[in-house]
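What the coordinates show
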Amino acid sequence: MKCEIAQQNVVMAVYGELPDELGGSLERHLEECEECSRELNAMRALDEYLALNPVVEPSPSLLAQSRMRLDDALDLIPPHGFLTRLRSNFYGWVGHMQSAPALMTLLVGTGFLAGNFTYRYQVAHAPAEAPGVVTMSNSTQGSIANVTGIVPTPNSEIVQVKYNRIVPETMEGSLDSKEIRQLLMVGMTQEANTDVRATSVKMLSNECRVGHACVEETDGKGVRNALLVSLRYDKDDAVRMNALHGLEPYVGQDRRVRDALLEALLHDKSASVRTAAISLLTPVQSDSSVRQVLRTVSTQDDNPYIRTASFQALQDTAGIQ
Amino acid sequence: MRRGSVAGASLLRIGVESLPAMAKAATQTGTRGGKLTQAQIDARAQQRIEDDDLIREAQAGERTAFDALVRRYDQSVLRLALHMLGNEQDAQDVHQEAFIKAYRHLANFRFECSFYTWLYRIVTNLCLDQLRRRKSRREDPATVLDANGGEMDLMANISDERAMANPARELERKVMAEQIGCALDKLTPRERTVFELKHYQGLKLRTIGEMLSTTEETAKNTLFRATRKLREQLKTARSS
Ligand SMILES: [Zn+2]
């Protein structure tokens with residue numbers, strides 16, 4: 001192997017791009033060529049040095065801020081101006097599902113997260129009031145996130161360094177408080193942490209079930225909308241199940257909730273979610289979409305129990321028709 | 001005749017042994033594009049299926065589906081842009097522009113590659129543009145101007161004992177990071193992008209080639225050139 005090629009191969013090997021069959025001859029070359037093994041060492045040193053500048057996760061507030069900006073920008077784009085309408089039959093009968101932007105559910109908390117410091121000041125200085133009162137952990141500790149400015153003083157040893165800290169915080173307060181709810185809604189979208197998602201969804205679902213202010217908010221920012229998003233998109237069966245239960249009180253009055261349930265009944269992977277959807281939909285069979293889906297499911301669902309349950313639900317409908 | 005053959009031999013051994021060791025570390029951290037485990041392959045396949053479902057819904061006009069796609073990927077988009085551009089404002093701009101582009105052109109998505117690859121292609125091209133614009137704006141990115149308009153010598157700061165004094169271990173790390181940033185800035189925008197995608201994002205050279213509308217071979221050569229340049233740039237820093 002020529003040195004020039006060997007040195008290229010060293011770089012490729014370091015980056016896991018060297019085909020296995022070339023590995024052996026490279027090793028043999030390195031055993032006898034000092035210059036090329038220096039190349040390897042240099043690459044290792046570079047790797048080590050570059051580790052001083054690791055890729056860091058964007059701060060939660062930057063992420064939230066960016067999402068909010070993006071969502072605003074997307075809202076300005078006419079929804080159907082540029083897309084070819086390729087509605088499947090399913091969407092045909094479900095009709096126009098004007099779901100509110102899912103992102104907004106995540107972002108309700110943003111202004112609050114971004115304005116964290118001011119907010120904390122206000123909380124600390126505001127007279128306490130129940131049940132909206134929340135207390136936040138003291139958060140002067142935290143690792144340094146970035147240095148934003150350095151101002152040296154001429155002819156002096158004094159230097160002013162401006163920096164930001166990554167500040168872990170805790171908030172404690174009533175489930176009825178706006179701040180706690182916002183945090184839970186952020187928790188509902190925590191892709192990487194199923195526990196947090198599950199707990200958030202469960203708590204907010206319970207709030208809805210006991211009728212604690214789960215009103216529909218027209219801007220799509222409310223708890224109900226967040227539950228709809230979880231029901232549609234959460235990967236975890238148990239989380240979707242909990243979202244489903246939280247929506248129960250609104251099946252009769254909110255068509256979007258009904259549509260989401262129908263969608264779950266048709267497409268959810270989990271048989272228990274589909275089964276639960278049938279029982280929640282049974283009181284509203286007067287809706288022709290519900291009947292249609294029950295009919296489809298009663299003949300097509302993989303699960304015989306679910307086919308029977310749908311059929312049963314349809315039989316009960318006979319009187320209504 | 002080689003001098004110090006004993007030292008030379010041990011150096012070789014370190015070198016040879018470290019190859020599989022590095023490969024192993026690469027698969028463990030998952031950032032260097034080593035071999036994927038079966039579980040990782042399965043997870044990716046599953047993710048792809050879910051993505052494709054979401055895209056179909058989004059193409060049918062479902063904004064919530066597009067929002068779900070955004071939520072899946074926007075943190076990594078922001079992370080990449082932030083690291084490449086080293087500036088929150090620019091990263092945020094790229095984040096926004098990339099998803100708007102994706103939204104507008106979603107109807108053209110043909111499921112030939114993964115959504116991730118498609119999106120990253122948009123993101124890297126935006127970053128590339130931004131780097132090119134900067135290059136033409138700034139003559140010498142390695143020197144940083146201080147508040148008084150004078151040149152701040154980053155190297156001097158490192159070797160300056162006072163700058164290292166408490167509480168400045170973090171600061172020291174930051175200065176080093178800044179120095180690396182300067183070295184990265186010396187690369188051409190294309191070299192920078194290839195290096196970023198390979199070294200920091202651990203993408204396959206084939207994917208990188210695809211994203212930058214070039215061949216795997218070109219990407220490979222560019223990566224090689226970038227590492228050479230970086231080593232040259234950082235040689236002085238390391239020996240100080
Ligand atoms: Zn050689």
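Just so you know, these numbers come straight off a predicted model, no measurement behind them.

Rules of the game
Residues numbered from 1 in each chain as written. Chains lettered and ligands numbered in written order. Predicted model: local features only at pLDDT ≥ 70, side-chain atom pairs only at ≥ 80, totals over all residues. Heavy atoms only, no water. Helix = DSSP H or I, 4+ residues; strand = E, 2+ residues; numbered from the N terminus. Buried < 20%, exposed > 50% of the residue type's maximum accessible area, 1.4 Å probe, protein only. Contact = heavy atoms within 4.5 Å. Areas by Shrake-Rupley, 256 points an atom, 1.4 Å probe, with all protein chains shown as cover. Donors = N, O, S within 2.8 Å, 3.2 Å for Na, K, Ca; no water. Tetrahedral: all angles 85-135°; square planar, octahedral: opposite > 155°, others 65-115°. Salt bridge = Lys/Arg side-chain N within 4 Å of Asp/Glu carboxyl O. Axes fitted to C-alpha atoms, helices over the stretch in contact; angles between N-to-C directions. Parallel < 35°, antiparallel > 145°, perpendicular 65-115°, else oblique. Left-handed = near helix turned anticlockwise from the far one by under 90°. Nonpolar A, V, L, I, M, F, W, Y, C, P; charged D, E, K, R; others polar. Expected span 1.5 Å × (residues − 1). Polar contact = N/O pair within 3.5 Å; in protein donor to acceptor, adjacent residues only side chain to side chain. Phe/Tyr/Trp six-rings, centres within 6.5 Å; stacked < 30°, edge-to-face > 60°. Lys NZ or Arg CZ within 6 Å of the ring centre and 35° of its normal. Core = buried A, V, L, I, M, F, W, Y, C linked by side-chain atoms within 4.5 Å. pLDDT = per-residue confidence, 0-100.

**A look at the overall build of chain A**
Across its full length, chain A carries 16 helices and four strands. Counting across all 321 residues of chain A, residues that qualify as buried make up 45%. The contacts in chain A between residues at least 6 apart in sequence include a share of 61% that link residues at least 24 apart. Accessible surface, chain A as shown: approximately 16200 Å² in total, 53% of it carbon and sulfur.

**So, the coordination of the zinc ion**
Residues and elements named next belong to chain A. At the metal site, the zinc ion is ligated by Cys3 (SG), His29 (NE2), Cys33 (SG) and Cys36 (SG), and these contacts range over 2.1 to 2.3 Å. Coordination geometry of the zinc ion: the four donor atoms subtend angles of 100 to 118° at the metal centre, consistent with an arrangement described as tetrahedral. Along the chain, the residues donating to the zinc ion fall in the pattern C-x25-H-x3-C-x2-C. Taken together, the positions of Cys3 in helix H1 (residues 3-14) and Cys36 in helix H3 (residues 34-50) put the pair 33 residues apart, joining distant regions of the chain. We classify Cys3 as partly exposed; its relative accessible area is 31%. With relative accessibility at 0%, the residue Cys36 sits in the buried group.

**Overview of the pattern of salt bridges**
Residue and element names in this part refer to chain A. Summed over the entire model, instances satisfying the criterion amount to 31 salt bridges over all chains. The residue Arg224 makes a salt bridge to Asp254 at a minimum N-O spacing of 2.8 Å. Taken together, the residues span a long stretch of sequence, with Arg224 in helix H11 (residues 223-233) and Asp254 in the loop between helix H12 (237-247) and helix H13 (255-267) at a distance of 30 residues. The burial state of Arg224 is the same as that of Asp254; both residues are buried. Linking Arg240 and Asp237 is a salt bridge whose minimum nitrogen-to-oxygen distance equals 2.8 Å. Here the residue Arg240 and the residue Asp237 both occupy positions in helix H12, the gap between them amounting to three residues, near one helical turn. Arg240 sits in the buried class, given a relative accessible area of 3%.

**Considering the packing of H11(A) against H13(A)**
Helix-helix packing: each pair is described by the crossing angle between the helix axes and the interaxial distance. All names here are of chain A. Where H11 meets H13, the axes come as close as 10 Å, and the angle between the chain directions of the two elements is 15°. Taken together, H11 and H13 sit at an angle that is classed as roughly parallel. In this structure, the crossing between H11 and H13 has a hand that is left-handed. Of H13, the residues touching H11 (which contributes Arg224, Asn225, Leu228, Leu231 and Arg232) are Arg256, Val257, Ala260, Leu261, Glu263 and Ala264. Split by residue class, the contact of H11 with H13 holds six nonpolar, one polar and four charged.

**Focus: the environment of Leu74(A)**
Of note, Leu74(A) is situated in helix H4 (residues 60-75). Discounting chain neighbours no more than four positions away, the residues touching Leu74(A) are Arg63(B), Phe66(B), Asp67(B), Ile100(B) and Tyr103(B).

**Some points on helix H15 (residues 288-300) of chain A**
All names here are of chain A. End to end, H15 covers 18 Å across 13 residues, agreeing with the expected 18 Å (1.5 Å per residue, within 8%). Turning to H15, its buried residues are Ser289, Val290, Arg291, Val293, Leu294, Val297 and Ser298. At the N-terminal end of H15, a side-chain oxygen is found 2.8 Å from the backbone nitrogen of Ser289, two or three residues along, and the residue is Asp287.

**Brief notes about unusual backbone geometry**
Residue and element names in this part refer to chain B. Phi is positive for Phe111, which is not a glycine, with a value near 65°. Structurally, Phe111 is set in the loop between helix H4 (88-104) and helix H5 (115-137). Taking the relative accessible area as the measure of exposure, Phe111 reaches 25% and is therefore partly exposed. Look at Ser213: it is not a glycine, yet its phi comes out positive at around 50°. In this fold, Ser213 is placed in the loop between helix H10 (205-211) and helix H11 (216-239).

**Things to note about the packing of H1(A) against helix H2 (residues 20-32) of chain A**
Residues and elements named next belong to chain A. For the pair H1 and H2, the least separation of the axes is 10 Å and the interaxial angle reads 120°. Read as a crossing pair, H1 and H2 show a hand that is left-handed. Between H1 and H2, the contacting residues are Cys3, Ala6, Asn9, Val10 and Ala13 on the first element and Leu22, Leu26, His29 and Leu30 on the second. Along the lines of polarity and charge, the residues of the contact of H1 with H2 split into seven nonpolar, two polar and no charged.

**Here we look at the side chain of Ser66(A)**
Relative to the assigned elements, Ser66(A) resides in helix H4. For Ser66(A), a relative accessible area of 0% translates into the label buried. A polar side-chain atom of Ser66(A) sits 3.1 Å from a polar atom in the side chain of Gln92(B). Among all residues touching Ser66(A), those that are not within four sequence positions of it are Leu78(B), Gln92(B) and His95(B).

**Focus on the packing of aromatic side chains**
Under the definition given, this model contains nine aromatic pairs over all chains. With a centroid separation of 5.7 Å and 50° between ring planes, the pair formed by Tyr73(B) and Phe115(B) is classed as tilted. Within this pair, whereas Tyr73(B) is found in helix H3 (residues 63-85), its partner Phe115(B) is found in helix H5, the two being separated by 42 residues in sequence. Classification of Phe115(B) by relative accessible area gives buried; the value is 1%. Taken together, Tyr73(B), Phe109(B), Phe111(B), Phe115(B), Tyr116(B), Trp118(B) and Tyr120(B) form an aromatic cluster joined through their ring pairs. Positioned over the ring face of Tyr250(A) is Arg224(A), at 3.9 Å from the centre of the ring. Lying across the ring of Phe111(B), Arg56(B) places its NZ or CZ 4.6 Å from the centre.

**Let's talk about the nonpolar core**
Nonpolar side chains in soluble globular proteins tend to end up buried together. If you look at the biggest cluster of nonpolar residues, it comprises 81 residues, and the most contacted ones within it are Phe66(B), Phe115(B) and Phe195(B). Contact partners of Phe195(B), with chain neighbours within four places excluded, come to Tyr15(A), Leu50(A), Leu184(B), Leu187(B), Tyr200(B), Leu223(B), Ala226(B), Thr227(B) and Leu230(B). Among the nonpolar cores identified, the runner-up in size contains 41 residues, and Met171(A), Ala226(A), Leu231(A) and Val290(A) belong to it.

**Topic: the confidence of the model for chain A**
Of all residues in chain A, 74% attain a pLDDT of 70 or more, and the chain-wide mean is 76. The low-confidence segment residues 81-132 of chain A, where pLDDT is below 50, has 108 contacts with residues more than four positions distant or belonging to other chains.

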